[in-house]
Amino acid sequence: MERTFLAIKPDGVQRKLISEIIGRFETKGFTLVGLKFMNVSRELAEQHYGVHKERPFFGSLVEFITSGPVVAMVWEGDGVIAAARKVIGATNPLTAEPGTIRGDLGANIGRNLIHGSDAPETAQSEIALWFKEEELVNWQPTILSWIYE
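Residues numbered from 1 in each chain as written. Predicted model: local features only at pLDDT ≥ 70, side-chain atom pairs only at ≥ 80, totals over all residues. Heavy atoms only, no water.

Before going further, it helps to spend a moment on unusual backbone geometry. In the Ramachandran plot, Lys16 falls in the positive-phi region, its phi being about 60° despite a non-glycine side chain. With respect to the helices, strands and loops of the structure, Lys16 is situated in the loop between helix 1 (10-14) and helix 2 (18-28). The class for Lys16 is exposed, based on a relative accessible area of 73%. Unusually for a residue other than glycine, Leu113 sits at a positive phi of about 75°. Its place among the elements puts Leu113 in the loop between helix 6 (101-105) and strand 4 (114-116). (Helix = DSSP H or I, 4+ residues; strand = E, 2+ residues; numbered from the N terminus. Buried < 20%, exposed > 50% of the residue type's maximum accessible area, 1.4 Å probe, protein only.)

Here it is as structure tokens:
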């Protein structure tokens, strides 16, 4: 099974959307294998957004993700990376499709509620950055036979 990294950003936490967002992934049939409610250090934020280090918005990304608690998660499922991106919606909530997290709940590109890995390599590196291996739970929900063939 494929794994992806997702994080509910400080705006999603402050707006009390944690259960709404987690529920969308549970309803989709994905399995939660890692969960942390945490404050993000500047060091972790800079590592996470390192690919944007030379861009003018790097500083504001780091400031925002460290401005309040986040919910860091690892989800597992068949095609979970691509499917999670569809559930999340376009980066800009104003252009995100209705029915997506950002399309239904977001209002501003700078406050777009959630981060999701965009590729298998990114997911692998983000999971390793945010979670130790022993913090992930390997388990098989009994409902999987009703989701996958």
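In the numbering used here, UniProt assigns the feature "binding site: ATP" (unreviewed entry) to Lys9, Phe57, Arg85, Thr91, Arg102 and Asn112. Note on placement: Lys9 falls in the loop between strand 1 (2-8) and helix 1. Once residues lying within four places of it in the same chain are set aside, the contact partners of Lys9 are Tyr49, Phe64, Ile65, Pro69, Val70, Arg102, Asn112, Leu113, Ile114 and His115. Mapped onto the fold, Arg102 is located in helix 6. Given a relative accessible area of 6%, Arg102 falls into the buried group. (UniProt positions renumbered as here; feature names shortened; annotations may be inferred. Contact = heavy atoms within 4.5 Å.)

In this section: the side chain of Glu126. Checked against the element boundaries, Glu126 lands in helix 7 (residues 120-130). Lacking a salt bridge, the buried Glu126 has Arg85 as its closest oppositely charged neighbour, with an N-O distance of 7.6 Å. If sequence neighbours within four positions are ignored, Glu126 has contacts with Phe5, His48, His115 and Ser117. (Lys, Arg positive; Asp, Glu negative; His and termini not counted. Salt bridge = Lys/Arg side-chain N within 4 Å of Asp/Glu carboxyl O.)

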